[in-house]
Amino acid sequence: MEISVGILDDHEMILEGLATMLSQSETIRVHGCWTHHANCLEDLKKQCPNVLLLDINLKNANGIELCGTLSKTYPNMSIIAVSNYNESSFIKNMLRSGAKSYLLKNTSREELITTIQTVYNGERYLPRTVENILLEDSLGYPKLRSSIPKLTRREKEILIYISEEHTNAEIAEKLFISIKTVESHRTNLLSKFGVKNTAGLVKSAMNAGLIS
Amino acid sequence: MKGLYFYGMLQTNLKNHIYLLKFVIVFFLIATGRNGFSQQKEIDSLKQLLLQEISDSAKVDNLMAISRLYQSINLDSVLRYSKKTAEFSESTNGYRLAEAYNNMGACHFYQSSLDSADYYYQGALKALGTNNDSITKSMVYCNMALMYGNLLDTEREIEYYLKAISQVEQNDKEVCSIYYNLSRTYMNSGFEEKGLQYLEEAYKTSKRSKTEIVFDYATANLAYYGLENSDDEMFRRYIKEIDSLCALNGNPSSCYSLSYLNASYNAKQKQFYRALQEYQKANAIAKEINFSEDIMETTAMIARMEYALGNKVKAVKTFAVFDSLYQSSPDPDLGMKNFNLWAVYEASLGNYNKAYEIRLKWEALKDSVFAKEKREILIDSEKKYETEKKEREIAEQEVIIKEQELDLANKQRQIAVWGGVGGILVLLLGVTFWTGKERQKRKEQEIKHLKTQQEVVRLESLVAGEEKERIRLAQDLHDGINGDLSVIKFKIDGVDKKQMSGTTTEGLNQAMNMLDNAINQVRRISHNLAPPSLQNFNLDEAIKQYASKMQTVHGVEIDFQTFGEIPNFSADEETALYRIVQELLNNIIKHAEAKETLIQLNHTEEHTELVIEDDGKGFDTKISKNGIGLQNIASRVAFLKGDLHIESSKEGSTFTVRIPKKV
């Protein structure tokens, strides 16, 4: 079974390069190439390829938004984002918008063809390099890596005053800051410890050994 | 007195609106309002005078006057006499040399030899040197602007108009026509707001200085702008003025504008018959003044009205008249606007061949219009000028500060004198001293305020300029070079490896790896220059990405937490905050030897607070305060109108940036 592939990228040479790479594969047929998203949308209405290679950084359109619309309109077409951006926010946003895969522009022919064949079957697929970016991102930001939240020095100070039963006004006076600032520090502390009120805050802070 | 050389010209802007804008061209030094016969007589008598024994300066004056008088008769003679003037002036005392060069430049300009024109204009500027003849200087600049306009170099066109304006800003009579020309340039390039602003300036200055022709044009255009933008109040306000101009002075140009505007108004109200009558009136006046563009414009409008009234045959015939006028003096803008319509009219009568023929003419014209290109250039020059303007503001403020400081010094001296006055004045002295002190305090505050204001203005232009440059560079790298590198990789990847030896394949694979390396490096550089997350998402996301990257690369622990809603920061402000985080984090990684770093962004009702803390070895805040890194941070903090607080000890450092919420 032959897989038809469409390519939307405003860099003409990339378009050509990708098309040439794909033309050497026997199972893949290049269905259409567009440098402008409007032309692409027009052609998709008539006939829609199995797989679409979509650039994020388009001249007159936002690739992420476009991906969202296209994946809704053509649920049977698998979209692969092809971009020079290697930041996790782009990868996540594209996947969230319905892309089945994300490739960096310096992908190899082998990787490209494997990806196309995999997503054609409706599966999601990420090459190792992209997977690593996402992995590093989530390893760097665990939701609850330790039970002790990170506090700034000022927050620690305020926490101690709170545990000594000082009011916001008193703390403000001692630290030469406004009451509103103290209030915001207090709210942040509650949210950092995931507690509802001062009693909970003091209890959690004592458990964490931050106050005695 | 300086004269205006002008010809009527209807320009269209990008939206295909017709603005009544006409060319006003600043040209020679004196206007000539006399008829050809008396001019010839005057020239003859001046030539007689040349034969007599007169002083060198008088001779220059005389030659100059002759060249001026030829202005409406024969351009070649103007050029000849200007040349004579220049030669004579050069060989004697250089008296009025710049003016002579300017006139020669203008002659060449009208003969379309722009290189020569440029040469003489430059010569004029050189001849002026440090001379403070601001009027001549402004005129040369203005003529150069016209020249650049002709070369479609809008950037320089605007630059030179602005230069011209800066020379004669206080002189309403001189400056009004330049404002007018500049507004025309802006309007034609699609910058309506700027165009309108300068049009209003032209209106004000020409009204004050009673410069009739500019006042006439400016008012008519303002009225037309009101009409086009459905601002009835504006339309009425200005058309009243034109009405009185026409009624009082019987000035044909004003009367033309009045009829034309009334016609347009009626056409807009779909009162086509009335509109037709008014256009016919305008057409008659245009014929009287003999402005070919005006005649063509009104003819075309008449055709449109006929068509709207259902007289298709008449409409087509009128367009044929328009075409014959067009053949003798082609005006691409007018052609663009009308040929298309004419084709439609012909087609509606079933004359398909004719329609096709006209349509082809239109297509050819369309291709020759550079509108888009022009607009892009303009955006750049706009930015550049804004920076210049800010610099000027800074200079002005510096002067104010100097004055105030002087004032303050005087005050202080006064107080000292008062202190010497004895006994009886003791009470008085007390009072005066007190008020003096108060006033001194107030003055000091004012100075401080001005100084911060000045600082902010400077920083804004600095920061904006730097960021703009970074983004441009990043884009070139990211989209340009990296795109190309990827294509090269594709090409190598596409080579058929089956027929190659093992070593060749290995070489190819190595080359591909090297390309990957290069691509990654370019990507890293480009993303450092302008973080894509910041442009595509928001500050939180960008900081998160950066922290994550630094953590992976340097193996240190970096936490990032944010509280509250990001307030409405502008892109510049977000970038400034991002750069502060970037710089501080870099410093920490380079110098602090920290294990953990905490970045916290806290948006509250009162302010946004950025805290960056490390558990490193700390530093001496007194010594490091002036390091370049910290200076960069300080200038960005100042740009955000915030304050920076640094604490450091052996246990680590805390950097706190607080930005008050905008009111």
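Check the entry above for the structure.
Report on the accompanying structure. Because the structure is a prediction, the values reported are computed rather than measured.

### With respect to the overall build of chain A
A tally of regular secondary structure across chain A gives 10 helices and 5 strands. Burial analysis of chain A (212 residues in total) assigns 41% to the buried set. In chain A, the share of contacts with a sequence separation of at least 24, taken over all contacts with a separation of at least 6, comes to 60%.

### Description of the overall build of chain B
Across its full length, chain B carries 25 helices and 9 strands. When the 663 residues of chain B are sorted by exposure, 37% land in the buried category. Pairs at least 24 apart in sequence give 60% of the contacts found in chain B among residues at least 6 apart.

### Regarding the interface of chain B and chain A
With 36 residues of chain B at the interface, the matching set in chain A holds 30 residues. For the side of chain B that touches chain A, the secondary-structure elements that each account for two or more residues are α19 (426–493), α20 (502–529), α21 (532–536), α22 (539–554), β5 (557–563), β6 (596–603) and β7 (607–614) of chain B. The biggest single contributor to the side of chain B that touches chain A is α19 of chain B, with 11 residues. For the side of chain B that touches chain A, the residue count by class is 9 nonpolar, 15 polar and 12 charged.

### Side note on the sheet that holds β5 of chain B
Residue and element names in this part refer to chain B. Strand order in the open sheet formed by 5 strands is β5-β6-β7-β9-β8, with mixed pairing between adjacent strands. Two strands close off the open sheet at either side, each with one partner strand: β5 and β8 (643–649). Direction aside, neighbouring strands of the sheet carry axes that sit 10 degrees apart on average. One ladder, built from 7 bridges, connects β5 with β6; its direction is parallel. Among the inter-strand pairings, F560 is bridged to a residue of β6, identified as I599.

### Some points on the environment of G122 of chain A
Inspection of the secondary structure assignment puts G122 of chain A in the loop between α5 (109–120) and α6 (128–140). In the structure, G122 of chain A is positioned 43 residues away from I79 of chain A in sequence and 9.9 Å away in space, judged by C-alpha atoms.

### A word on helix α16 (residues 332–348) of chain B
Residues and elements named next belong to chain B. In this model, α16 (17 residues) spans 24 Å end to end at C-alpha, consistent with the 24 Å of a helix rising 1.5 Å per residue. At N338, α16 is bent by approximately 30 degrees, the largest bend along its length. Of the positions making up α16, those classed as buried are L334, G335, N338, F339, W342, A343, Y345 and E346. Buried-residue contacts for α16 involve α14 (292–308), α15 (312–328) and α17 (352–367). The positive-phi residue at the C-terminal boundary of α16 is G350, with phi of around 90 degrees.

### Things to note about the nonpolar core
Within the largest apolar cluster, 101 residues are counted, with the highest numbers of intra-cluster contacts made by A223 and L261 of chain B. With 10 residues, helix α10 (residues 212–228) of chain B is the single largest residue contributor to this core. Dropping the residues within four chain positions of it, L261 of chain B is found in contact with A220, A223, Y224, L227, I239 and I242 of chain B. Ranked by size, the runner-up nonpolar core spans 41 residues in total, among them W34, I56, A99 and V130 of chain A.

Scoring rules and cut-offs
- Residues numbered from 1 in each chain as written.
- Chains lettered and ligands numbered in written order.
- Predicted model: local features only at pLDDT ≥ 70, side-chain atom pairs only at ≥ 80, totals over all residues.
- Helix = DSSP H or I, 4+ residues; strand = E, 2+ residues; numbered from the N terminus.
- Buried ≥ 20, exposed ≤ 12 C-beta atoms within 10 Å, placed from the backbone.
- Contact = placed C-beta atoms within 7 Å.
- Nonpolar A, V, L, I, M, F, W, Y, C, P; charged D, E, K, R; others polar.
- Pairing = 2+ DSSP bridges.
- Axes fitted to C-alpha atoms, helices over the stretch in contact; angles between N-to-C directions.
- Expected span 1.5 Å × (residues − 1).
- Bend = angle between axes of the 7 residues up to and from the residue.
- Core = buried A, V, L, I, M, F, W, Y, C linked by C-beta atoms within 7 Å.

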